[in-house]
Amino acid sequence: MNGQTLLNFIRKESSAGIILIMVTIAALLLQNGPLSSYYTSFLHTPVEIRFGDLQIAKPLLLWVNDGLMAVFFFMIGLEVKREVMEGHLSSIRQITLPAIAAVGGMVMPAVVFLLFNTGNEFAMNGWAIPTATDIAFALGILSLLGPRVPVSLKIFLMALAIIDDLGAIIIIALFYTTELSTTSIIIASIALATLFIFNRMKVTKQSLYIVVGIVLWVSVLKSGVHATLAGVALAFMIPLYSEDERGQSFSMLKTMEHGLHNWVAFFILPLFAFVNAGVDLRGISVEQIAGPVPMGIMLGLFIGKQVGVFGFSWVAIKLGLASRPTGATWRQLYGVAILTGIGFTMSLFVDSLAYNDTDLYRYADKLAILLGSFLSGVFGYLLLRSKFSRR
């Protein structure tokens with residue numbers, strides 16, 4: 001990834017973060033105002049697709065979470081593959097610090113959550129909720145700081161968030177899969193094998209990958225494995241470089257990634273936030289938000305994330321396993337570690353998987369995500385903006 005490409009990426013993610021804030025506020029106002037019933041009806045609008053005996057009928061909310069988020073994870077998969085093959089994750093030296101920090105940022109929030117919820121089997125399903133980082137929000141906060149934050153820290157945060165997303169993909173695959181359908185798994189395996197053959201035979205028609213990718217998504221959706229993983233699997237099968245009919249080299253992966261980026265940043269993620277962030281504050285009491293699950297989520301994001309990311313980074317740097325980002329002070333690194341506690345869209349997504357949108361916690365779990373993300377964003381911003389952080 002060259003310098004201009006990196007700057008374009010950061011600008012898009014930064015703008016998307018600002019839009020996410022706006023749609024979140026809109027969702028909260030609608031859910032807690034006189035239009036609440038219309039907002040709820042919109043979320044549960046039935047949408048059905050039928051092709052012969054194949055039928056997919058879901059409310060709009062699940063089409064967004066299972067369908068559009070598969071496109072989001074497809075783009076994440078493209079980013080991960082590109083970064084691993086030739087970007088900021090392509091060498092041990094480049095990947096070491098963000099990888100170690102990302103591990104800390106997943107382990108410590110989970111530990112904090114488990115400390116609050118040990119003994120409650122259903123509540124324990126949510127251990128992965130505070131392990132996520134929302135790259136759009138985090139980079140959006142950094143963009144407000146301008147030159148106060150060195151570019152090396154922005155690259156560090158971006159690489160950490162990509163590894164964090166990869167960790168989320170693995171967690172979803174391992175821990176949030178329901179009963180499996182053998183027939184659907186077989187069809188998905190055939191589709192995946194077909195994509196692999198396309199890759200090895202250097203097939204250059206995007207339409208073929210997309211058609212087989214849709215078959216893969218439908219079969220995974222029906223299999224019991226979460227449908228978003230189909231997006232990742234498809235992305236890993238897209239060739240980084242190919243040759244067209246004239247023998248000229250081009251990157252199908254980069255072309256797809258570039259084409260999707262604006263759609264994901266300015267449509268898919270804002271729509272996801274709009275349909276998932278509408279927390280009904282009217283039914284939440286102080287006792288509910290102080291419950292084990294909300295406290296585990298909120299403190300996992302706000303405390304666990306910063307302790308994990310900064311603590312693991314500090315140890316890695318002190319042991320000589322990695323170097324501190326160029327031009328960054330320890331306090332600036334700590335400020336960025338606080339920002340990784342902005343879980344928001346990814347945390348909301350994992351929450352929907354962990355608790356299957358149950359009303360057991362009466363939105364207190366989702367409010368805890370918003371509060372933990374808000375605290376992380378505000379404190380991280382204030383620390384990085386202060387002169388104290390540059391010493």
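Residues numbered from 1 in each chain as written. Predicted model: local features only at pLDDT ≥ 70, side-chain atom pairs only at ≥ 80, totals over all residues. Heavy atoms only, no water.

**Section: the overall build of the protein**
To be explicit about the condition: For helices the rule is a DSSP run of H or I covering at least 4 residues; for strands it is a run of E covering at least 2, with both sets numbered from the N terminus onward. Here the globule rule is a power law, 2.2 Å times the number of residues to the power 0.38, and the radius of gyration is based on C-alpha atoms. A contact between two residues is defined here by any heavy atoms of the two lying within 4.5 Å. Throughout, the Shrake-Rupley method with a 1.4 Å probe supplies accessible areas, and for residues the shown protein chains are the sole cover considered. In this tally, Asp and Glu contribute negative charge and Lys and Arg positive charge; neither His nor the terminal groups of the chain are included. Positions of charges follow a simple convention, taking NZ of Lys, CZ of Arg, CG of Asp or CD of Glu.
In terms of regular secondary structure, the protein is built from 15 helices and four strands. Its C-alpha atoms give the protein a radius of gyration of 21 Å, near enough to 21 Å, the size a compact globule of 391 residues would have. Projecting the C-alpha coordinates of the protein onto the three principal axes gives extents of approximately 60 × 50 × 40 Å. Of the contacts made within the protein by residues no fewer than 6 positions apart, 80% connect residues no fewer than 24 positions apart. Summing over all exposed atoms, the protein offers an accessible surface of approximately 17600 Å²; the carbon and sulfur share of this is 67%. Considering the protein, the positive charge centre built from 26 side chains and the negative charge centre built from 22 side chains are found 13 Å apart.

**As for the pairing of strand E1 (residues 46–51)**
Under the convention used in this document: Residue exposure (1.4 Å probe, protein chains only): buried if accessible area is under 20% of the type maximum, exposed if over 50%, otherwise partly exposed. At least two DSSP bridges between two strands are required for those strands to pair.
Among the six residues that make up E1, zero are buried, leaving the element largely open to the surroundings. By the bridge criterion, six bridges tie E1 to strand E2 (residues 54–59) in an arrangement that is antiparallel. Counted as the bridge partner of Arg50 is Gln55 from E2. Taking the residues that link successive antiparallel strands as the turn, the E1-E2 hairpin has two residues, and the phi of Gly52 there is positive, at about 65 degrees.

**A few points about the packing of helix H7 (residues 182–200) against helix H8 (residues 206–223)**
What counts, and what does not: Axis angles are defined between N-to-C directions and span 0 to 180 degrees, where every axis is a line fitted to C-alpha atoms and, for a helix, only to the segment in contact. In this scheme, roughly parallel covers angles under 35 degrees and roughly antiparallel covers those over 145, while 65 to 115 is roughly perpendicular and the rest are oblique. Two helices cross in a left-handed way if the nearer one is turned anticlockwise from the farther one by less than a right angle. They cross in a right-handed way if the turn is clockwise. Note that Gly is not counted as nonpolar here; it falls among the polar residues with everything else outside the nonpolar set of Ala, Val, Leu, Ile, Met, Phe, Trp, Tyr, Cys and Pro and the charged set of Asp, Glu, Lys and Arg.
Relative to each other, H7 and H8 sit at 155 degrees, their axes nearing to 8 Å. Here H8 runs roughly antiparallel to H7, going by the angle between their axes. Taken as a pair, H7 and H8 cross one another with a handedness that is left-handed. Two secondary-structure elements touch here, H7 through Ser184, Ile185, Ile187, Ala188, Ala191, Leu192, Thr194, Leu195, Phe198 and Asn199 and H8 through Leu208, Tyr209, Val212, Val215, Leu216, Ser219, Val220, Lys222 and Ser223. Counted by class, the contact of H7 with H8 contains 13 nonpolar, five polar and one charged residues.

**A word on the confidence of the model for the protein**
What counts, and what does not: As a per-residue measure, pLDDT tells how confident the predictor is, with possible values from 0 to 100.
Taken over all residues, the pLDDT of the protein has a mean of 86, while the share at 70 or more is 94%. For the protein, helix H1 (residues 3–31) is the element with the lowest average pLDDT, namely 73, and helix H12 (residues 292–318) is the one with the highest, namely 96.

**Overview of the pattern of salt bridges**
Worth spelling out the cut-off: In the sections that follow, a salt bridge refers to a side-chain nitrogen of Lys or Arg positioned within 4 Å of a carboxyl oxygen of Asp or Glu.
Tallied over the entire structure, the rule returns seven salt bridges. Note that Glu48 is salt-bridged to Arg50, the shortest N-O span being 3.2 Å. In this structure, Arg282 and Asp280 form a salt bridge, with 3.0 Å as the shortest nitrogen-oxygen distance.

**Focus on the environment of Arg148**
Residue placement: Arg148 occurs in the loop between helix H5 (135–145) and helix H6 (151–175). Taking C-alpha positions, Arg148 is 44 Å from Asp244, a pair spaced 96 residues apart along the chain.

**Structural notes on unusual backbone geometry**
The phi dihedral of Lys202 falls on the positive side, at around 60 degrees, and the residue is not glycine. Along the chain, Lys202 falls in the loop between H7 and H8. Residue Lys202 is classed as exposed on the basis of its relative accessible area, which comes to 61%. Even without a glycine there, the phi angle at Phe344 is positive, about 35 degrees. With respect to the helices and strands, the residue Phe344 is situated in helix H14 (residues 344–355). Note on Phe344: relative accessible area 2%, which makes it buried.

**Looking at a nonpolar patch on the surface**
Stated precisely, the cut-off is as follows: The residues that make up patches have over 30% relative accessible area and no salt bridge, and they are joined within 9 Å when like-charged or within 5 Å when they are Val, Leu, Ile, Met, Phe, Trp or Tyr.
On the surface, Val103, Val107, Val111, Leu115 and Phe116 cluster together into a nonpolar patch covering about 420 Å² of accessible area. Looking at the element boundaries, Phe116 is found in helix H4 (residues 92–117). Residue classification places Phe116 among the partly exposed residues on the basis of a relative accessible area of 35%.

**Quick look at the packing of aromatic side chains**
Which entries qualify depends on this criterion: Think of it this way: a Phe, Tyr or Trp ring, Trp meaning its six-membered ring, pairs with another when their centres are within 6.5 Å, and the plane angle makes it stacked under 30 degrees, edge-to-face over 60, tilted otherwise.
Inspection of the entire model under this criterion finds 13 aromatic pairs. With centroids separated by 6.1 Å and ring planes inclined at 65 degrees, the aromatic side chains of Phe42 and Phe274 adopt a geometry described as edge-to-face. Within this pair, whereas Phe42 is found in helix H2 (residues 36–43), its partner Phe274 is found in helix H10 (residues 252–276), the two being separated by 232 residues in sequence. Between Trp263 and Phe267, the ring centres sit 6.2 Å apart and the planes meet at 90 degrees, which makes this aromatic pair edge-to-face. Taken as a pair, Trp263 and Phe267 lie in helix H10 at a separation of four residues, close to a single helical turn. Members of the aromatic cluster, each reached through a chain of ring pairs, are Phe72, Phe73, Phe272 and Phe349.

**Considerations on the side chain of Thr133**
Note the cut-off: Pairs of N or O atoms are called polar contacts if they sit within 3.5 Å, as long as, within protein, a hydrogen donor faces a hydrogen acceptor (for residues adjacent in sequence, only side-chain-to-side-chain pairs).
Mapped onto the secondary structure, Thr133 falls in the loop between H4 and H5. Here Lys305 takes part through its side chain, which lies 3.1 Å from a polar atom of the side chain of Thr133. At 2.9 Å, the side chain of Thr133 forms a polar contact with the backbone oxygen of Thr340. Those residues in contact with Thr133, other than ones at most four positions away along the chain, are Asp164, Asp165, Lys305, Thr340, Ile342, Gly343 and Met346.

**Here's the deal with the packing of H6 against helix H13 (residues 330–339)**
In the contact formed by H6 and H13, the axes pass within 11 Å of each other and the chain directions differ by 35 degrees. Relative to H13, the crossing made by H6 is right-handed. Residue-level contacts link Leu153, Phe156 and Leu157 of H6 to Gln332, Leu333 and Val336 of H13. Tallied by class, the residues present in the contact of H6 with H13 amount to five nonpolar, one polar and no charged.

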